[in-house]
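Coordinates in review
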Amino acid sequence: MGTSSWAALAGMGLVGILVMVVVGILLAALVLSVSFRLVVGYMPSYLRAVGALVLTWIAVVVAMAVVGMVTQGAVGGLLSMIVNFLVGAAMVNYLLLAQDGSQIGYGKACTVQLVYSVIAIVLGVIFFAVMAVLFGGMLTHV
């Protein structure tokens, strides 16, 4: 009753994906905290940022299911990006509170979400460039 090598490779791949998801959530929560600090002026609790991020992703999945049922094609892609932004801003407004415990307002939440999106895009481009150089360098030695 041994395990086949394909099953072992699949298990290792799943563990790798799980590690990447956890690291991605922790890094995204740090970026959200930093963007909140840049806009509002103080850094919220890290666990609160993780919770807000996870709940935002759940709300975005639900909203995207509704948008996917209504639209299709390029219009759906643009609308999904807008819905993602607006739902993220609403969650930031409701879940990440100001220093005195009140909501920061939807306008500031939109600004936090915009800063978060810009930082995430810049980090994504940097990560993609590093991976392209790494794997491009490996291809020259094959």
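Just above, that's the structure.
A short tour of the structure in this document, coming up. Within every chain, residues take consecutive numbers counted from 1 along the sequence as written. Since the coordinates come from a predicted model, pLDDT governs what is reported: local features require at least 70, and pairs of side-chain atoms require 80 or more to be given and counted, while whole-chain, interface and lining totals use all residues. In computing side-chain properties, one takes all heavy atoms of the structure into account and sets aside hydrogens as well as water.

Numbering of helices and strands runs from the N terminus, with a helix taken as a DSSP run of H or I at least four residues long and a strand as a DSSP run of E at least two residues long. The helix and strand inventory of the protein chain stands at four helices and zero strands. When its helices and strands are written in sequence order, the protein chain yields α-α-α-α. Our radius of gyration is a C-alpha quantity, and the globule rule it is checked against amounts to 2.2 Å times the number of residues to the power 0.38. Its C-alpha atoms give the protein chain a radius of gyration of 19 Å, clearly above 14 Å, the size a compact globule of 142 residues would have. Principal-axis analysis of the C-alpha atoms places the extent of the protein chain at approximately 60 × 40 × 35 Å. Buried residues are those whose accessible area, probed at 1.4 Å on protein chains only, stays under 20% of the maximum for their type, while exposed residues exceed 50% and partly exposed ones sit between those limits. By the burial criterion, 24% of the 142 residues in the protein chain qualify as buried. Two residues qualify as a contact provided that any one of their heavy atoms is within 4.5 Å of a heavy atom in the partner residue. A fraction of 58% describes how many contacts in the protein chain between residues 6 or more apart in sequence connect residues 24 or more apart. Computed by Shrake-Rupley with a 1.4 Å probe, the accessible areas treat only the displayed protein chains as cover when residues are assessed. In the form shown here, the protein chain has an accessible surface area of approximately 9,400 Å², with 79% of it arising from carbon and sulfur atoms.

One fewer than the residue count of a helix, multiplied by 1.5 Å, yields its expected span. Taking 1.5 Å per residue as the helical rise, helix α1 (residues 5-40) with its 36 residues ought to reach 52 Å, and the 52 Å between its terminal C-alpha atoms agrees with that figure. Three or more residues of α1 are buried, namely Ile25, Ala28, Ala29, Val31, Leu32, Ser33, Ser35 and Phe36. Taken from the residues just after α1, Gly41 is the one with a positive phi, measuring 115°.

With that settled, consider helix α4 (residues 106-139). Taking 1.5 Å per residue as the helical rise, α4 with its 34 residues ought to reach 50 Å, and the 48 Å between its terminal C-alpha atoms agrees with that figure. The complete set of buried residues in α4 reads Ala109, Cys110, Val112, Gln113 and Tyr116.

Turning to the packing of aromatic side chains, a few remarks are in order. By convention here, two paired aromatic rings are described through the distance between centres and the angle between planes. Think of it this way: a Phe, Tyr or Trp ring, Trp meaning its six-membered ring, pairs with another when their centres are within 6.5 Å, and the plane angle makes it stacked under 30 degrees, edge-to-face over 60, tilted otherwise. Tallied over the entire structure, the rule returns one aromatic pair. Aromatic pair Phe36 and Tyr42: ring centres 5.8 Å apart, planes at 80°, arrangement edge-to-face. Per residue, the accessibility class of Phe36 equals that of Tyr42, and both read buried.

Attention now goes to the nonpolar core. Residue types Ala, Val, Leu, Ile, Met, Phe, Trp, Tyr and Cys, when buried and joined through side-chain atoms within 4.5 Å, form a set referred to as a nonpolar core. With 20 residues, the main nonpolar core has Phe36, Val92 and Ile104 as its most contacted residues. Put simply, the parts of the chain that give this core at least two residues each are α1, α2 (46-70), α3 (74-95) and α4. Sorting elements by how many residues they give to this core places α1 first, with six residues. Other than its neighbours up to four places away in sequence, Ile104 contacts Phe36, Val40, Val92, Asn93, Leu96, Leu97, Ala98, Ala109 and Val112.

Let's shift gears to the side chain of Ser35. By the secondary structure assignment, Ser35 is in helix α1. On the basis of relative accessible area, Ser35 is assigned to the buried category, the value being 0%.

Once that is clear, we can look at the packing of α1 against α4. Here the axes come from fitting lines to C-alpha atoms, over the contacting stretch only for helices, and the angles between their N-to-C directions go from 0 to 180 degrees. For the pair α1 and α4, interaxial distance at closest approach is 8 Å and the crossing angle is 130°. Judged on the interaxial angle alone, α4 and α1 are oblique. Crossing geometry of α1 relative to α4 is assigned as right-handed. Residues Ala28, Val31, Leu32, Ser35, Phe36, Leu38, Val39 and Val40 of α1 form the contact with α4, whose own contacting residues are Lys108, Thr111, Val112, Val115, Tyr116, Ile119 and Leu123. Convention used here: angles under 35 degrees read as roughly parallel, angles over 145 as roughly antiparallel, angles from 65 to 115 as roughly perpendicular, and any remaining angle as oblique. Crossings are sorted by hand: turned counterclockwise from the far helix by less than a right angle, the near helix makes the crossing left-handed, and turned clockwise it makes it right-handed.

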